[in-house]
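Below, each chain spelled out in residue letters.
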Amino acid sequence: MTFSLPSLKRKELVEKLIRSGIKDKKVLDAINTVKREFFVNEEFKRYAYDNNALPINCNQTISQPYTVAFMTELLELKEGEKVLEIGTGSGYQAAILKVMGAEVYSVEKYEELYLKAKSTLGSLNYKINLKCGDGTKGWNEFAPYDGIIVTAGSPKIPEILIEQLSPGGRLVIPVGDRHSQQIWQVKKVKRNGDFKQDITRFDDFKFVPLVWEEGW
Ligand code: SAH
């Protein structure tokens, strides 16, 4: 069997993620499918399959593949579920969610990034609902969501995102100060007739900041 170079590199990346503890087969298959080289700028294409964050326009970054895999695993997505991403950036994370069979909505603050992600995702034929605006307010029109993933670091949980989760829904969000954040998985559960948040916190990560009203 012959492999083109990017597909070989993708396979190596997947093996690295497995060694780092990523177990969800659907997540690993998605990483093995989505062509990350299309989501990075020309000058970084040769680093597309390094397990690193890389610069994109507007002083933002495409997240490290390990971080994408870790957060996506925590979404615990089932086929056909509806998921909202805050921080489209390059569109890579949105493509991963789409390949996993989710119905994907994604909001980006910078128009330049929104337009570029729209063109990248369109050219690769990933049908994703994109919006340019402040994601700290969620996307009410299509709520509730089974999963919400925030790909920028936040000082707190924007309450409106919890409101836009369906019962049993999962919010995955980096929470912390400007220098480092923990990834929180927040499950919206019904207990004694009221909605409660079950929070599990994971390791330290470093994200670009979530900005605007509910962010920094
Ligand atoms: N998920 C992206 C990673 C992008 S980095 C990818 O796969 O490439 C985080 C993104 O969040 C940046 O693009 C940044 O502009 C965006 N962002 C920050 N604050 C935001 C907000 N309030 N609303 C929407 N997007 C925001």
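Everything that follows concerns the structure shown earlier in this document.
Residues numbered from 1 in each chain as written. Predicted model: local features only at pLDDT ≥ 70, side-chain atom pairs only at ≥ 80, totals over all residues. Heavy atoms only, no water.

**Quick notes on the sheet that holds strand 7 (residues 165-176)**
Remark on secondary structure: sheet strands pair via backbone hydrogen bonds, oriented parallel or antiparallel. Threshold: One bridge is not enough; two strands pair if DSSP finds at least two bridges between them. By the criteria applied, helices consist of DSSP H or I runs no shorter than four residues and strands consist of E runs no shorter than two, each listed in order from the N terminus. The angle between two axes is taken between their N-to-C directions and runs from 0 to 180 degrees, where each axis is a line fitted to C-alpha atoms and a helix contributes only its stretch in contact.
Taken together, seven strands build an open sheet; the order of strands is 5-4-3-6-7-8-9 and the sheet is mixed. On the outer flanks of this sheet lie strand 5 (129-132) and strand 9 (194-205), each paired with one strand and no other. Direction aside, neighbouring strands of the sheet carry axes that sit 15° apart on average. Relative to strand 6 (residues 145-150), strand 3 (residues 82-86) is paired through four bridges, and the arrangement is parallel. Bridging across to strand 6, I86 finds its partner in V150.

**Description of the layout of surface pockets**
The condition that has to hold: A 1.4 Å probe that fits but cannot get out identifies a cavity on a 1 Å grid over protein atoms alone, an open set with protein on both sides within 12 Å along at least five of seven lines counts as a pocket, and a residue lines either if it has an atom within 4 Å of a point. Grid points are joined across faces, edges and corners, and a volume is the space filled by probe spheres set on the points. Residues are grouped as follows: nonpolar covers Ala, Val, Leu, Ile, Met, Phe, Trp, Tyr, Cys and Pro; charged covers Asp, Glu, Lys and Arg; every other residue, Gly included, is treated as polar.
Estimates place the volume of the largest pocket at around 510 Å³. Lining the largest pocket are 36 residues, with Q60, G87, T151, A152 and V208 positioned closest to its centre. Secondary structure elements with two or more residues in the lining of the largest pocket: strand 2 (61-62), helix 3 (65-75), strand 3, helix 4 (92-99) and strand 4 (103-108). Each residue belonging to the lining of the largest pocket can be placed in one class, and the counts come to 17 nonpolar, 14 polar and five charged.

**Section: empty space enclosed by the protein**
The tally for this structure, following the rule as stated, stands at one cavity of 30 Å³ or more. Estimated volume of the largest cavity: approximately 70 Å³. Around the largest cavity sit F38, F39, N41, I56, N57, G89, S90, L113, K116 and T120, which together line it. Among the residues making up the lining of the largest cavity, the classes are represented as four nonpolar, five polar and one charged.

**Some thoughts on the nonpolar core**
The criterion, for reference: Nonpolar cores were defined as sets of buried Ala, Val, Leu, Ile, Met, Phe, Trp, Tyr and Cys residues, with membership established by side-chain atoms within 4.5 Å. Burial here depends on accessible area, computed with a 1.4 Å probe over protein chains only, as a share of the maximum for the residue type. Under 20% is buried, over 50% is exposed, and the range in between is partly exposed. By the convention used here, residues are in contact when the closest approach between their heavy atoms is within 4.5 Å.
Residues L17, I22, I31, F39, Y92, I96 and I183 are the most contacted members of the largest nonpolar core, which totals 44 residues. Looking at this core, the elements with two or more residues in it are helix 1 (5-19), helix 2 (25-33), helix 3, helix 4 and helix 5 (111-123). When residues of this core are assigned to their parent elements, the largest contribution, seven residues, is made by helix 3. In this structure, F39 is in contact with V34, I56, I62, S90, G91, Y92, A95, T120, L121, L124 and Y126, ignoring residues within four places of it in sequence. Core analysis: the second largest hydrophobic core is formed by 19 residues, V107, I148, I157 and W184 among them.

**Let's talk about the site of the ligand**
We count it as follows: Working definition: residue near molecule or strand if any one of its non-hydrogen atoms lies within 4 Å of it. Two N or O atoms form a polar contact when they lie within 3.5 Å of each other; inside protein one atom must be a possible hydrogen donor and the other a possible acceptor, and for residues adjacent in sequence the pair counts only when both atoms belong to side chains. Residue exposure ignores everything except the shown protein chains as possible cover, and the areas themselves are Shrake-Rupley values with a 1.4 Å probe. Think of it this way: if more than half of a molecule's atoms are within 2 Å of a pocket's grid points, that molecule is in the pocket or cavity.
Lining the immediate environment of the ligand, one finds 26 residues, of which E85, S90, E108, G135 and V211 sit closest. Contact distances for the ligand include 2.9 Å between a nitrogen atom and a backbone N or O atom of G87. Between the ligand and E108 there is a distance of 2.7 Å, counted from an oxygen atom to a side-chain nitrogen or oxygen. Burial of the ligand by the protein amounts to 99% of the accessible area it has alone, namely 580 Å². For the ligand, the cavity whose grid points lie within 2 Å of the majority of its atoms is the largest pocket. For the shell around the ligand, the elements supplying multiple residues, two or more each, are strand 2, helix 4 and strand 4. Residue classes in the shell around the ligand are distributed as 10 nonpolar, 12 polar and four charged.

**Thoughts on the packing of aromatic side chains**
Under the convention used in this document: In this scheme Phe, Tyr and Trp rings, the latter by its six-membered ring, pair at centre separations within 6.5 Å, and the angle between planes marks the pair as stacked below 30 degrees, edge-to-face above 60, and tilted otherwise. Charges are assigned to positions over rings by a cutoff of 6 Å between ring centre and Lys NZ or Arg CZ, combined with an angular limit of 35 degrees from the ring normal.
Scanning the model with the defined rule gives seven aromatic pairs in all. Their ring planes at 75° and their centres at 5.7 Å tell us that F39 and Y92 sit as a pair that is edge-to-face. With F39 in the loop between helix 2 and strand 1 (54-55) and Y92 in helix 4, this pair connects stretches of sequence that are 53 residues apart. A single burial state applies to F39 and to Y92, both of which are buried. With centroids separated by 5.8 Å and ring planes inclined at 40°, the aromatic side chains of Y66 and F70 adopt a geometry described as tilted. With Y66 and F70 both in helix 3 and four residues apart, the pair spans about one turn of that helix. Relative accessible area serves as the criterion here: at 17%, Y66 is assigned to the buried category. Of the aromatic side chains, those joined through ring pairs into one cluster are Y105, W139, F142 and Y145. A cation over an aromatic ring shows up here: K82 above the ring of Y145, its NZ or CZ 5.7 Å from the ring centre.

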